[in-house]
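Coordinates in review
The lines below spell out each chain.
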Amino acid sequence: MAEDLKGAILQRDGETYAVVPRTPAGILSPENLSAITEVVKKYKIPVTKITSGHRLVLVGIKKEDIDPVWQDLNMDIGRATELCFHYVQACPGTAVCRFGVQDSLGLGMNLEKRFYDMEMPAKLKFGVSGCSFCCGESYVRDIGILGKKKGWTLIFGGNSGGRPRIGDVLAEDLETEPLMDLINKVLVFYRDNAKKKERTARFADRMGVDEIKKAIGI
Ligand code: SF4
């Protein structure tokens, strides 16, 4: 069982720990990269892995090294096991990709800022895509957002896990602020009505898309 020790996750060997630094929308600064490299060498961390959620996990850290590792990283803890907001997965969008029609990366960073501290009944993941190719896997994330020329499409209740579910489209052609307001409404409705550990996919199955739309006024 995982032990909560400053964001450290006990590994299957029962002795060493993993940590996940917070990397909003998968962005790393040169300072982050240098610090990670130095930490991995200094503390002889055997495995550094990119996760499916656009984050890095440093695996195989000794218990006594956890505090100094965080000090040297100088990065926030990325929550990886708790029932809460976990991450925003965002494709490059108009910032980098020639196919992008919306700024998925910028939106992803703003989503993380706005919703990171919100209490949730289960883990919550966002997927943001800058065009209809949907590289941000928006249809299989709790909150999916898809950029089209006319605006954002909001998708709710997707999951790519053991019981996969394609999310329901709640609204289309949204500008950024109305999109943010609608996300807030659907998250408040989910938070206040879901059972503990009930992911949005099962919640959407139980409530039905029409009920969810009615509850958030669309
Ligand atoms: S979803 Fe579109 S904008 Fe985003 S990376 Fe894929 S092709 Fe590029």
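In short, a report on the structure. (Residues numbered from 1 in each chain as written. Predicted model: local features only at pLDDT ≥ 70, side-chain atom pairs only at ≥ 80, totals over all residues.)

This part is about helix α4 (residues 176-193). Here α4 spans 26 Å end to end across 18 residues, near enough to the 26 Å set by a 1.5 Å rise per residue. As for α4, its buried residues are in contact with α3 (104-115), β7 (143-148), β8 (151-156), β9 (168-174), α5 (200-207) and α6 (209-215). (Helix = DSSP H or I, 4+ residues; strand = E, 2+ residues; numbered from the N terminus. Expected span 1.5 Å × (residues − 1). Contact = placed C-beta atoms within 7 Å.)

Within the secondary structure, Met-180 sits in helix α4. Judged by local crowding, Met-180 falls into the partly exposed class, with 17 C-beta atoms found within 10 Å. Distance in space between the C-alpha atoms of Met-180 and Cys-135 is 21 Å, their sequence separation being 45 residues. (Buried ≥ 20, exposed ≤ 12 C-beta atoms within 10 Å, placed from the backbone.)

A few words now on the site of the ligand. The environment of the ligand is made up of 13 residues, and the closest members are Cys-91, Cys-97, Gly-130, Cys-131 and Cys-135. Taken together, the residues of the shell around the ligand break down into eight nonpolar, five polar and no charged. (Near = placed C-beta within 6 Å. Nonpolar A, V, L, I, M, F, W, Y, C, P; charged D, E, K, R; others polar.)

It is worth spelling out unusual backbone geometry at this point. Of note, Ala-25 is a non-glycine position whose phi angle comes to about 55°, a positive value. Of note, Ala-25 is situated in the loop between β2 (17-19) and α1 (30-42). Classification of Ala-25 by C-beta neighbours within 10 Å gives buried; the count is 23. Located in the positive-phi region is Lys-44, a residue other than glycine, with phi close to 50°. Mapping Lys-44 onto the fold places it in the loop between α1 and β3 (47-50).

In short, the description is geometric, and any link to function would need to be established separately.
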